[in-house]
Amino acid sequence: MDTILNYIGGRHVPAASGNHLDNVSPLTGEIYALIPDSGQSDVDAAVRAAQDAFPVWSQMPPEDRSAIMLRLADLIAIHAEQLAQAETRDSGKPIHHSRNVDIPRAEANIRFFATAILHTHAEAFHTRAGVLNYTNRKPLGVVACISPWNLPLYLFTWKIAPALAAGNCVVAKPSEITPMTAYLLSELCREAGIPAGVINVVHGLGPRAGQAMVEHPLVKAISFTGGTATGAAIASAAAPRFKKLSLELGGKNPNIIFADCDYDKMLRTTLRSSFSNQGQICLCGSRILVERGLFDRFMQDFTALARELVPADPREESSRMGALVSESHMNKVLSYVQLARNEGGTVHCGGERVLLSGELSGGFYMSPAVISGLGPECRTNQEEIFGPVVTVTPFDREEEAITMANGTAYGLSATVWTRDLDRAHRVASRLDSGIAWINTWLLRDLRTPFGGVKNSGIGREGGEEALRFFSEIQNVCVDFGSAPTL
Ligand code: TXE
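Colleague: Describe in detail the overall build of the chain, supporting the description with residues and values.
Modeller: Counting secondary structure elements, the chain contains 15 helices and 23 strands. Considered along the principal axes of its C-alpha atoms, the chain spans approximately 85 × 60 × 40 Å. Of all 486 residues assigned to the chain, the portion counted as buried reaches 58%. Counting only contacts in the chain whose residues sit at least 6 apart along the sequence, the fraction spanning at least 24 positions is 75%. For the chain, the accessible surface area stands at approximately 19,300 Å², while carbon and sulfur atoms represent 53% of it.

Here it is as structure tokens:
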């Protein structure tokens, strides 16, 4: 049995209470590690360590901060295989995904922000002759980063990297469902030479450890990715305390397919956008809207490809469909397939629990589901399912597709497939989404703003937006125009 520890003030320590939580591997359904069940006193110790470390870290020249962070990126690269295996065991995702997406992206996140701070600049405003305004960018102090289970190290580093690069000290909590790679990273942080207290990792439950971070008076900002209901709870705790808040929440993303698209590219990409990471990516396109003329052909080809995505041992390089993250999440996703049936939908394939053999027989596997025959307003088409379940709906006119695409409470991302250039830009500009892809999906450039509208969150991550979020901008106004008079 592995034991995960908190990382506070440069030391690995158990929860002050001595209590722990079980960590289950979705591959097997078995408990394989213990996690500290941290509470207020652990969070308080972490925040105080961060506060103590802040003067040295914030005043360190950016070149030096950058060099330390680059050492951490190098260490992630050196330990990539160990991290990938840990991620797969902890989250159930195929090792192919961990090796090619999660861990390389974690390294890239650190590298990107470590080098970004070498290229930032202040703004200056020449108000009139003799009057100049300029901006000072200051780190906030202690900030909290709370991340989810679907892309554990990827999203954990996506938050801590800009926070640290901007000169803040961090108290971070990975999801209690997937804590392992954040724990391993905390060991690498020490090896990289990040000074004690600059980054602290507290493990535990959201309503206990997470809530204590959000409410702590010394925490100046909270960057959160997770479910919309949790985002609302965090926002209501943070607002009266005047904390900066970045919320990246759920999605119910439309994938609009016009009949004139590049069919093969669209089909391959749509399979990926539907079922990558077992559909547990906030950017997955879960509502596929297809122009009527293409509908039958699409349904036939897409269902055939979905049937080929058979859950298989995630530790095998060839596996493309792993386990869902937990038993309760799997049951939630399966219950939506039943809901779709109750709402009158036709399940063309999948949507069943799959029992693998041997030691994997207790794992949380299900076959990907393709559903049609549902109206846009039903719950299946309105609520975030966050699993390998998509609905396919025909449309006749562009306007109808846009109305359906925009017809949910969410607005994270959207995809448009067409070869008509005018239509591509016209439709993208009318979509209520923070991100729109044209003829592609999940093609990321870390400099671009990332985030959602409506119930998908507030604020933007990525590039300059993230560095601004983790900074306080002070304007300095200088009047040097008039000479002193005697
Ligand atoms: O996430 P939670 P859950 C969606 C998806 C999923 C649903 C619920 O639809 O089914 O959210 O997932 C911490 N104060 N997404 O319940 O609870 C928690 O410990 C402070 C979308 O597993 O939002 C964890 O570290 N922190 C999503 C983190 O919040 C709290 C990714 C996320 O957990 C807290 C994951 C509290 N009161 C789920 N309560 C995306 N946008 O990518 C919980 N936490």
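So, next bit.
Colleague: Which residues make up the pairing of strand S4 (residues 20–25), and what values do they have?
Modeller: Side chains Leu21, Asn23 and Ser25 of S4 all project onto a buried face; the interleaved residues His20, Asp22 and Val24 project onto a face where none is buried. Pairing geometry for S4 and strand S5 (residues 30–36), over six bridges, is antiparallel. The residue bridging valine 24 from the neighbouring strand is isoleucine 31, located in S5. Between S4 and S5, which pair antiparallel and follow one another directly, the connecting turn spans four residues, one of which, glycine 29, has a positive phi of 80°.

Colleague: Kindly report on the pattern of salt bridges, identifying the contributing residues and their values.
Modeller: Enumeration over the complete set of coordinates arrives at 22 salt bridges. Between aspartate 2 and arginine 89 there is a salt bridge; the shortest N-O distance is 3.9 Å. Of this pair, aspartate 2 sits in strand S1 (residues 2–3) while arginine 89 sits in helix H3 (residues 80–91), and the two are 87 residues apart along the sequence. Judged by relative accessible area, which is 39%, arginine 89 ranks as partly exposed.

Colleague: Can you explain helix H7 (residues 206–215)? Please cite residues and give values.
Modeller: By the burial criterion, the buried members of H7 are Ala209, Gly210, Ala212, Met213 and Val214. On its buried face, H7 is in contact with helix H1 (40–59), strand S8 (142–146), strand S9 (169–173), strand S11 (219–225) and helix H8 (228–238).

Colleague: Outline the domain arrangement of the chain, supporting the account with residue identities and numerical values.
Modeller: Structurally, the chain comprises domain 1 (2–249 + 456–475) and domain 2 (254–438). Placing a centre on the C-alpha atoms of domain 1 and another on those of domain 2 gives a separation of 30 Å. Each side of the interface is counted separately: domain 1 has 25 residues, and domain 2 has 28 residues. In total, about 2,100 Å² of surface goes out of reach between domain 1 and domain 2, with carbon and sulfur atoms giving 58% of it. If you sort the residues of domain 1 by the area they bury against domain 2, Leu27, Trp149 and Ser456 come out on top, with a joint share of 25%. Joining domain 1 to domain 2, the criterion identifies one salt bridge. Our count for the domain 1 to domain 2 interface comes out at 12 residue pairs in polar contact (both at pLDDT 80 or more).

Colleague: Mind laying out the pairing of strand S13 (residues 253–257), listing which residues take part and the relevant values?
Modeller: With five of its five residues buried, S13 lies for the most part within the structure. Neither face of S13 is exposed, since Asn253, Asn255 and Ile257 on one face and Pro254 and Ile256 on the opposite face are all buried. Bridge count between S13 and strand S14 (residues 285–291): five bridges; the pairing is parallel. Paired with asparagine 255 across the strands is isoleucine 288, a residue of S14. What joins S13 to S14 is helix H9 (residues 263–275), and the crossover it makes is right-handed.

Colleague: Help me get a handle on the side chain of asparagine 23, residues and values and all.
Modeller: Structurally, asparagine 23 is set in strand S4. The buried category is assigned to asparagine 23, whose relative accessible area is 0%. Within the structure, asparagine 23 has its side chain in polar contact with the side chain of aspartate 90 (distance 2.9 Å). Apart from residues no more than four positions distant in its own chain, asparagine 23 is found in contact with Ile4, Glu30, Ile31, Tyr32, Ala33, Ile35, Asp90, Glu176, Ile177 and Pro179.

Colleague: Any details on the site of the ligand? Residues and values, ideally.
Modeller: Taken together, the neighbourhood of the ligand is formed by 26 residues, with Trp149, Lys173, Glu176, Lys332 and Glu384 sitting nearest. When the ligand sits alone it has 820 Å² of accessible area, and the protein chains cover 86% of it. Among the secondary structure elements, those contributing two or more residues to the shell around the ligand are H7, S11, H8 and helix H11 (327–342). Along the lines of polarity and charge, the residues of the shell around the ligand split into 10 nonpolar, 11 polar and five charged. Three or more residues apiece are contributed to the shell around the ligand by two domains, here domain 1 (2–249 + 456–475) and domain 2 (254–438).

Colleague: Any details on the sheet that holds S5? Residues and values, ideally.
Modeller: Here three strands make up an open sheet; going across it, the order is S1-S5-S4 and the pairing mixed. Taken across any chain shown, the strands that pair with only one partner, and hence form the sheet edges, are S1 and S4.

Colleague: Could you give an account of the nonpolar core, with specific residues and numbers?
Modeller: Nonpolar side chains in soluble globular proteins tend to be buried together. Counting 101 residues, the largest nonpolar core has Leu72, Val170, Ile199, Ile222 and Leu283 as its most contacted members. The element best represented in this core is helix H5 (residues 152–165), accounting for 10 residues. Inspection of this core shows a minimum of three residues originating in each of domain 1 (2–249 + 456–475) and domain 2 (254–438). If we skip the residues at most four places from it in the chain, isoleucine 199 touches Tyr7, Ile160, Leu164, Val170, Cys189 and Ile194. If you look at the next biggest cluster of nonpolar residues, it comprises 22 residues, including Leu294, Phe302, Val370 and Val390.

Basis of the calculations
Residues numbered from 1 in each chain as written. Predicted model: local features only at pLDDT ≥ 70, side-chain atom pairs only at ≥ 80, totals over all residues. Heavy atoms only, no water. Helix = DSSP H or I, 4+ residues; strand = E, 2+ residues; numbered from the N terminus. Buried < 20%, exposed > 50% of the residue type's maximum accessible area, 1.4 Å probe, protein only. Contact = heavy atoms within 4.5 Å. Areas by Shrake-Rupley, 256 points an atom, 1.4 Å probe, with all protein chains shown as cover. Pairing = 2+ DSSP bridges. Salt bridge = Lys/Arg side-chain N within 4 Å of Asp/Glu carboxyl O. Domains from an automatic or database assignment. Buried area = accessible area lost by both parts, 1.4 Å probe. Polar contact = N/O pair within 3.5 Å; in protein donor to acceptor, adjacent residues only side chain to side chain. Right-handed = clockwise from strand over helix to strand, strands pointing away. Near = heavy atom within 4 Å. Nonpolar A, V, L, I, M, F, W, Y, C, P; charged D, E, K, R; others polar. Core = buried A, V, L, I, M, F, W, Y, C linked by side-chain atoms within 4.5 Å.

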